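Descriptive analysis of the structure
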Amino acid sequence: MFNYSACGCKILQIYIAYMGSLPKGEYLPSLHHSQILNKVIHSSFASQALIQSYERSFNGFAAYVFEEEKEKLTSKLPILQIN
């Protein structure tokens, strides 16, 4: 994890986004999760931000996200922080 707090800059943290149950039918969770991240994270970093897509017991993902990006995600999804 990157931590820029010493210089007063951004702090990158890991968050889990819970998206509820898996949709019925054909659904590619990792593709959908990447598309969500691409909307809120700078494109040069979005492909590296996704850590894990959860697709067996629930629909969600874990990703490296800055605080302001987390705020954008929380307007769309419930987010849980992992320390």
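So, here's what we can say about the structure. (Residues numbered from 1 in each chain as written. Predicted model: local features only at pLDDT ≥ 70, side-chain atom pairs only at ≥ 80, totals over all residues. Heavy atoms only, no water.)

1. Looking at the overall build of the chain
The following threshold applies: Only DSSP runs of H or I reaching four residues or more are called helices, and only runs of E reaching two or more are called strands; each is numbered from the N terminus. The buried label applies to any residue whose accessible area, calculated with a 1.4 Å probe on protein chains only, is under 20% of its type's maximum; exposed applies above 50%, and partly exposed to all values in between. In this analysis, two residues are considered to be in contact whenever any of their non-hydrogen atoms come within 4.5 Å of each other. Working definition of accessibility: Shrake-Rupley area with a 1.4 Å probe, residue cover restricted to the visible protein chains.
A tally of helices and strands in the chain yields 3 helices and 4 strands. Helices and strands in the chain line up, N terminus first, as β-α-α-β-β-α-β. For the chain, the residues scored as buried account for 35% of the 83 residues in total. Taking the intrachain contacts of the chain between residues at least 6 apart in sequence as the baseline, contacts between residues at least 24 apart amount to 62%. Of the roughly 5500 Å² of accessible surface on the chain, 53% is carried by carbon and sulfur atoms.

2. Comments concerning helix α3 (residues 67-74)
Rule in force here: In this context, the arc is that of the directions from the helix axis out to the C-beta atoms.
All of the buried residues in α3 are E69, K70 and L73. Angular distribution of buried residues about the axis of α3 spans 105°; they occupy a single face of the element. Lining the buried residues of α3 we find β1 (12-18), α1 (29-40), β3 (60-66) and β4 (79-81).

3. Observations concerning the packing of aromatic side chains
The cut-off we apply is this: To pair, rings of Phe, Tyr and Trp, with the six-membered ring standing in for Trp, must have centres within 6.5 Å; the planes then decide the type, stacked if under 30 degrees apart, edge-to-face if over 60, and tilted in the middle.
Within this structure, the stated rule accounts for 2 aromatic pairs. On the basis of an interplanar angle of 45° and a centroid distance of 5.5 Å, the ring pair of Y18 and F58 is categorised as tilted. Taken together, the positions of Y18 in strand β1 and F58 in the loop between β2 (50-54) and β3 put the pair 40 residues apart, joining distant regions of the chain. Taking the relative accessible area as the measure of exposure, Y18 reaches 38% and is therefore partly exposed. Residue F58 is classed as partly exposed on the basis of its relative accessible area of 23%.

4. Concerning the nonpolar core
Operational definition: Take the buried Ala, Val, Leu, Ile, Met, Phe, Trp, Tyr and Cys residues and link them wherever side-chain atoms come within 4.5 Å; each set so joined is a nonpolar core.
Counting 18 residues, the largest nonpolar core has I41, F61, L73 and L77 as its most contacted members. Of all the secondary structure elements, the ones that give two or more residues to this core are β1, α1, α2 (43-49) and β3. With 4 residues, β3 is the largest single contributor of residues to this core. Not counting the four nearest positions on each side in its chain, F61 is found in contact with Y15, I16, A17, M19, H33, I36, L37, L50, Q52, S53, Y54 and L77.

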